[in-house]
Amino acid sequence: MTELSNRVAEFLETHDPAGMDRLEFLRARFDAGLAWLSFPVGLGGSGAPRSAQPAVDAAFAAAEAPDNDPLRIGIGLGMAAPTILRHGTDEQRRRWLRPLWTGEEVWCQLFSEPGAGSDLAALGTRAVRAGDHWIVNGQKVWTSLAHEARWAILVTRTDPDLPKHRGMTYFVCDMHAPGVEVRPLRQITGEAEFNEVFLTDVRIPDAHRLGAVGEGWKVAQTTLMNERVAIGGGAAPREAGMIGVVAKEWRARPEVRTPGQRDALMRLWVAAEAGRIAAERLRETLASGQPGFEGSAVKYAYSRLNQEISGFELELLGEDGLRYDDYTMRRPTIVDWQERSPGYRYLRAKGNSIEGGTSEILANIIAERVLGLPQEVRVDKDVAWKDLPR
């Protein structure tokens, strides 16, 4: 760590955050290998352990250096980048990773479909080869940031004669390409945080394929495991997140407290702290390799707790908790639930058990892949996708 600290200090001596253009500073930090420390040299990293990342980020923050707006580019950082690193070619890594990390290019994720959400392997968006391109037709849904994204990670069906987990191929899609249409998808909160995306005769170069033809499910697993860690496994201090908001209200409003509510809050507080510690242990595990299926357990717990805590907040506040601030139609870039009303937090938390894998599917993954319980009976496992009932 001393070597990294010296490198950061030397970098800051020759790159003044106050005197440099923000984008040029971020590009220089990437080129110096001080962006993703665990990534290879030349791709924003130094081959250092993941555990060194927080200290380096803190050193840049202490110097008031600009960050890359991680909330805005979270899909790129947490899902696209690990997938490109593991499955992309050298040319693909050089082309996409630098502008992804600097925030020059926003990414989104084209996975779920109206008929393939919980069962992603049932997806039907078709990609047909035409020389050195693929012609893609289909519809995707629940796509965050599609209205701002430059690129998307996309899973398609390329061979309908094979069972659903085979015959899939993974691409990077240009969101500005002809035939890509993005429509807002309004939620119960009143906002259109998500989108639905229609793909009509979209031409994707074969050079934008990640992994081999027919191995899209294998590549998608890398994305999904990283996604669940990104959603539920972020670093956080004690009383961060939803439990911190509610604990603050509890302390500030003694007039609404009851012994029963105190007992309920303490149970939620302990559960939130246990989840935080589990996420910390998961991050330590990540320092030695790729995320495993344990990330599903962290995300599962995160979703359940957020919904329970937001429900408790409404009960605690009584009629004040029933007031809703604003149903104005917006298309936000990030979800800033901490600065919103209790009603907004309650409604938005309902989506936690859907996004990033439904809680029901995650429970199956935990049972089968983590606990080693017998697998659920799957009668469609060896049936060609085209013969599945719809």
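Everything numeric here is computed off the predicted structure, so don't read it as measured data.

**Student:** Is there a simple way to think about the packing of helix H2 (residues 22-31) against helix H5 (residues 90-102) in this case?
**Tutor:** Working note: a packed helix pair is described by the angle between its axes plus the distance between those axes. For the pair H2 and H5, interaxial distance at closest approach is 9 Å and the crossing angle is 130°. The angle between H2 and H5 places the two elements in the oblique class. In the crossing of H2 with H5, the sense of the turn from one axis to the other is right-handed. Contact with H2, carried on its side by Leu23, Leu26, Arg27, Arg29, Phe30 and Asp31, involves Leu97, Arg98, Trp101 and Thr102 of H5 and no other residues of that element. Among the residues making up the contact of H2 with H5, the classes are represented as 5 nonpolar, 1 polar and 4 charged.

**Student:** Any chance you could explain the pattern of salt bridges here in plain terms?
**Tutor:** Side-chain pairs of opposite charge can arise where the charged atoms are in close proximity. Scanning the model with the defined rule gives 31 salt bridges in all. Two residues, Lys140 and Glu113, come together in a salt bridge whose shortest N-O distance is 2.9 Å. Separated by 27 residues along the polypeptide, Lys140 in strand E3 (residues 133-140) and Glu113 in the loop between strand E1 (107-110) and strand E2 (126-130) bring together distant segments of the chain. The same class applies to Lys140 as to Glu113, namely buried. Between Arg276 and Glu273 there is a salt bridge, with the nearest N and O atoms lying 2.7 Å from each other. Remark: Glu273 and Arg276 occur in helix H8 (residues 259-286); sequence separation between them is 3 residues, near one turn of the helix. Through salt bridges that share partners, Glu191, Asp326, Arg330 and Arg340 make up one connected network.

**Student:** Help me understand H2 in this model?
**Tutor:** An α-helical segment advances 3.6 residues per turn. Residues three or four places apart therefore align on the same side. Those residues of H2 not exposed but buried are Phe25, Leu26, Ala28, Arg29 and Phe30. Its buried side turned inward, H2 meets helix H1 (2-14), helix H3 (53-62) and H5. At the C-terminal side of H2, Gly33 shows a positive phi close to 75°.

**Student:** Would you take a moment to explain the nonpolar core for this structure?
**Tutor:** The nonpolar side chains of a soluble globular protein tend to be buried, and buried together. By size, the foremost hydrophobic cluster in this structure holds 54 residues, and its most contacted members are Trp36, Trp107 and Met175. Per-element accounting of this core gives the leading share, 7 residues, to helix H4 (residues 74-87). Judged by nonpolar contacts, the second largest core, of 17 residues, contains Ile243, Ile309, Tyr324 and Leu347.

**Student:** Is there a simple way to explain H4 in this structure?
**Tutor:** The end-to-end C-alpha distance of H4 is 19 Å, a good match for the 20 Å that 14 residues give at a rise of 1.5 Å each. Of all 14 residues making up H4, 12 are buried, and the element is well covered by its neighbours. If you check which residues of H4 are buried, you get Ile75, Gly76, Leu77, Gly78, Met79, Ala80, Ala81, Pro82, Thr83, Ile84, Leu85 and His87.

**Student:** What am I meant to see in the pairing of E3 here?
**Tutor:** Looking along a regular strand, one sees side chains alternate from face to face of the sheet. Note that E2 and E3 share 5 bridges and pair antiparallel. Looking at E3, one finds that Arg129 is bridged to Trp134. Bridging between E3 and strand E7 (residues 194-205) involves 7 bridges; their strand directions are antiparallel. Along E7, the bridge assignment pairs His133 with Pro205.

**Student:** So what exactly am I meant to see when it comes to the environment of Leu388 here?
**Tutor:** Mapping Leu388 onto the fold places it in the segment after helix H12 (359-370). As a C-alpha pair, Leu388 and Glu255 span 133 residues in sequence and 58 Å in three-dimensional space. When sequence neighbours within four positions are dropped, the list of residues in contact with Leu388 reads Lys164, Asp380 and Val383.

**Student:** I would appreciate a short explanation of unusual backbone geometry in the present structure.
**Tutor:** One non-glycine residue, Leu145, adopts positive backbone phi at about 65°. Considering the arrangement of structural elements, one finds Leu145 in the loop between E3 and strand E4 (151-157). Judged by its relative accessible area of 5%, Leu145 is buried. Look at Glu239: it is not a glycine, yet its phi comes out positive at around 65°. Its place among the elements puts Glu239 in the loop between helix H6 (216-232) and helix H7 (242-252). Residue classification places Glu239 among the partly exposed positions, given a relative accessible area of 26%.

Definitions and cut-offs
Residues numbered from 1 in each chain as written. Predicted model: local features only at pLDDT ≥ 70, side-chain atom pairs only at ≥ 80, totals over all residues. Heavy atoms only, no water. Axes fitted to C-alpha atoms, helices over the stretch in contact; angles between N-to-C directions. Helix = DSSP H or I, 4+ residues; strand = E, 2+ residues; numbered from the N terminus. Parallel < 35°, antiparallel > 145°, perpendicular 65-115°, else oblique. Left-handed = near helix turned anticlockwise from the far one by under 90°. Contact = heavy atoms within 4.5 Å. Nonpolar A, V, L, I, M, F, W, Y, C, P; charged D, E, K, R; others polar. Salt bridge = Lys/Arg side-chain N within 4 Å of Asp/Glu carboxyl O. Buried < 20%, exposed > 50% of the residue type's maximum accessible area, 1.4 Å probe, protein only. Core = buried A, V, L, I, M, F, W, Y, C linked by side-chain atoms within 4.5 Å. Expected span 1.5 Å × (residues − 1). Pairing = 2+ DSSP bridges.

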